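# Structure at a glance
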Amino acid sequence: MNLAHLCLRTAVVLGFIGFSMGFGMGISQDFSLAPAHAHMNLLGWVSFALYGAFYALIPQAAVGMLPRIHYILASVGTVVMVAGIAGIYLGHGATFEPLAIGGSIAVYGSFILFVFIVFRATRQASLFGKPSVSEEPAEANGAAQGVWG
Ligand code: HEM
């Protein structure tokens, strides 16, 4: 499976969990999980949907180790961080705070990698010379191949 598809699948799975938390809060009228719900939706659903769209738009950007490390840090970090936030707001701060801290460090690190990945993929060799990766024909760009083998 290529990285774009993996990110999109991750987006809908994490989004489903996030939406369900919101739905559950609405039914129970207990809003303790609002911060966990918000972070699951924004980091899980929205961010991963954008990662998937980016890797689909510029397949060459998904080649190599860095994008894989980005995916692992972002996905594991999001789940661990949201679990930590949920635990804290349910009154178990002492136990869950390390999860929230560790998860946020992983998510933050993943985004630093993503900044690098985006700049690497969109840099122009020269204004009038070689086109940027996104301007090359789709096949030369790796569009036809799955980048995960
Ligand atoms: C089925 C879909 C959803 C339901 C039923 C739902 C429900 C809720 C509920 C009940 C709250 C708490 C409101 C309160 O504290 O008074 C909330 C807060 C929030 N939701 Fe959702 N939500 C949904 C989807 C989303 C999505 C897709 C996002 C973002 C992409 C989102 C972002 C937020 C944010 C930022 C907050 C505020 C969190 C806070 O105050 O700490 N929600 N939502």
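Up top is the structure these notes are about.
Now for a description of the structure that goes with this document. (Residues numbered from 1 in each chain as written. Predicted model: local features only at pLDDT ≥ 70, side-chain atom pairs only at ≥ 80, totals over all residues. Heavy atoms only, no water.)

### Side note on the coordination of the iron atom of the ligand
In this structure, the iron atom of the ligand receives exactly one donor atom from the protein: His37 (NE2), at 1.9 Å. Tracing the sequence through the fold places His37 in helix α2 (residues 34-57). (Donors = N, O, S within 2.8 Å, 3.2 Å for Na, K, Ca; no water. Helix = DSSP H or I, 4+ residues; strand = E, 2+ residues; numbered from the N terminus.)

### Things to note about unusual backbone geometry
Non-glycine residue Gln29 carries a positive phi angle of around 60°. Along the chain, Gln29 turns up in the loop between α1 (3-28) and α2. Residue classification places Gln29 among the exposed residues on the basis of a relative accessible area of 56%. (Buried < 20%, exposed > 50% of the residue type's maximum accessible area, 1.4 Å probe, protein only.)

### Re the site of the ligand
Neighbouring the ligand are the residues Phe19, Gly22, Phe23, Met25, Phe31, Ala34, Pro35, His37, Ala38, Asn41, Leu42 and Val46. Contact between the ligand and His37: a nitrogen atom at 2.8 Å from a side-chain N or O atom of the residue. Between a nitrogen atom of the ligand and a side-chain N or O atom of Asn41, the distance comes to 3.4 Å. Of all the secondary structure elements, the ones that give two or more residues to the shell around the ligand are α1 and α2. For the shell around the ligand, the element with the highest residue contribution is α2, accounting for seven residues. Grouping the amino acids of the shell around the ligand by side-chain chemistry returns nine nonpolar, three polar and no charged. (Near = heavy atom within 4 Å. Polar contact = N/O pair within 3.5 Å; in protein donor to acceptor, adjacent residues only side chain to side chain. Nonpolar A, V, L, I, M, F, W, Y, C, P; charged D, E, K, R; others polar.)

### Quick word on a nonpolar patch on the surface
There is a patch of nonpolar side chains on the surface, built from Val12, Val13, Phe16, Ile17, Phe19, Leu42, Trp45, Val46 and Leu50 and spanning about 890 Å² of accessible area. Among the elements of the structure, α1 and α2 are those that each provide at least two residues to the nonpolar patch. Top contributing element to the nonpolar patch by residue count: α1, with five residues. The residue Leu50 is located in helix α2 in this model. (Patch = residues over 30% accessible without salt bridge, like charges linked within 9 Å, V, L, I, M, F, W, Y side chains within 5 Å. Areas by Shrake-Rupley, 256 points an atom, 1.4 Å probe, with all protein chains shown as cover. Salt bridge = Lys/Arg side-chain N within 4 Å of Asp/Glu carboxyl O.)

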